[in-house]
Amino acid sequence: MRSTRVSKRNATFQQWQTLLTNRSKRTRAGEFLVQGVRPITLAVEQGWTIRSFLYADDAHLSQWAQDLLDGTSAAQFALAPDLLQELAEKDEGAPEMIAVVEMPPDDLTRIPTGAGPTLVFDRPSSPGNIGTMIRSIDALGGSGLIVTGHAADPFDTKCIRATTGSFFAVPVVRAGSQTEVLDWVAGRRARGEDVVVRGTDEGGDTVPHETDLTGSDVIVIGNETRGMTAAWRDACDSILSIPMTGTASSLNAASAATVVLYEAHRQRLVAPPS
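Residues numbered from 1 in each chain as written. Predicted model: local features only at pLDDT ≥ 70, side-chain atom pairs only at ≥ 80, totals over all residues. Heavy atoms only, no water.

Asks: Would you mind showing me how to read the nonpolar core here?
Replies: The tendency in soluble globular proteins is for nonpolar side chains to be buried as a group. Counting residues in hydrophobic clusters, the biggest one holds 46 residues, and the most contacted among them are Phe 32, Phe 53, Leu 119, Leu 145, Phe 167 and Phe 168. Looking at this core element by element, the count peaks at 5 residues for helix H10 (residues 253-270). Residues lining this core come from more than one domain, with at least three contributed by each of domain 1 (4-102) and domain 2 (108-270). Counting residues in each nonpolar core, the second largest holds 17 residues, with Val 173, Val 181, Val 195 and Ile 239 among its members. (Core = buried A, V, L, I, M, F, W, Y, C linked by side-chain atoms within 4.5 Å. Buried < 20%, exposed > 50% of the residue type's maximum accessible area, 1.4 Å probe, protein only. Helix = DSSP H or I, 4+ residues; strand = E, 2+ residues; numbered from the N terminus. Domains from an automatic or database assignment.)

This is the structure in structure tokens:
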């Protein structure tokens, strides 16, 4: 496909800039920027819709980049090097290629049922924490992530970078409140699924290694500083607490999620075949 050259800050370039910095415009456009060989490769391999590829017009492209361009029907843009640098996430220099990727719908049915636990991150303030949690879900057999309430954006480049590509292998859905999630849980239960909603808190009533986590649980992680809301606490069937030593009263939210996910994964590994 023929490339379109972009040599100045025209309307198209300004739109790409807003995808980096403006959440509402990013959501309205339904697309986000992805940088890095592994994230872009996984986005393609996992079947995400790539709307455009951007690269420097004076660059000698690697075989990886050239193969992507040769095998795609997405639009291709050759940017002046200084413009590509402006879209870079870091200061080390412009990436070889940037992909403009279409956002999937915020539909809870994208999360597979009958699989590992689904995590809910309620009102997270840090996109990096969301990204770290997504990476743990991918590594430890979780089925997906639901981000609820007034929260950081999973499509922020800081989140995408923190996942090291796992973002494209884990269904991530945004929900306005716990009500949407609980309605989804109620629908699954009505179809005969044994779904248990478990919260996490330092004052919990049980510990992960003494709890059966081999089912399709929904595990709620609260906001990094305020924890779970009262509404989420009331909705939980049980509250998990992670035993700790030392002076720390709690773990980072993403760390706590990783501990619970690992215990669920460990239990599945040692469970006898059904």
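Asks: Can you walk me through the pairing of strand E2 (residues 31-35) in this structure?
Replies: Within a regular strand, side chains alternate between the sheet's two faces. The element E2 is largely enclosed, with a buried count of 5 among its 5 residues. Neither face of E2 is left uncovered, since the one carrying Glu 31, Leu 33 and Gln 35 and the one carrying Phe 32 and Val 34 both have all their residues buried. Bridge count between E2 and strand E5 (residues 97-102): 5 bridges; the pairing is antiparallel. Bridged to Leu 33 within E5 is Val 100. (Pairing = 2+ DSSP bridges.)

Asks: Looking at this model, I keep getting lost on helix H8 (residues 178-190). Mind explaining?
Replies: Residues spaced three or four apart along an α-helix point in a common direction, a consequence of the helix completing one turn every 3.6 residues. An ideal rise of 1.5 Å per residue puts 18 Å on 13 residues; H8 measures up with 18 Å between its terminal C-alpha atoms. Of all the residues in H8, the buried ones are Val 181, Trp 184, Val 185 and Arg 188. Projection of H8 onto a plane perpendicular to its axis shows the buried side chains occupying an angular sector of 100°, all on one side. Those residues of H8 that are exposed and angled more than 90 degrees off the buried face are Asp 183 and Ala 190. (Expected span 1.5 Å × (residues − 1). Arc of directions from axis to C-beta.)

Asks: Would you mind showing me how to read helix H1 (residues 11-21) here?
Replies: Regarding H1, the residues found buried are Phe 13, Trp 16, Thr 18, Leu 19 and Leu 20. Its side-chain oxygen placed 3.2 Å from the backbone nitrogen of Thr 12, Asn 10 serves as the N-cap of H1. (Polar contact = N/O pair within 3.5 Å; in protein donor to acceptor, adjacent residues only side chain to side chain.)

Asks: For this particular structure, what's the right way to read the side chain of Ser 216?
Replies: In this fold, Ser 216 is placed in the loop between strand E9 (197-200) and strand E10 (218-221). Classification of Ser 216 as buried rests on a relative accessible area of 13%. From its side chain, Ser 216 meets the backbone nitrogen of Gly 114 in a polar contact 3.5 Å long. Only 3.2 Å separates the side chain of Ser 216 from the backbone oxygen of Ala 115, close enough to count as a polar contact.

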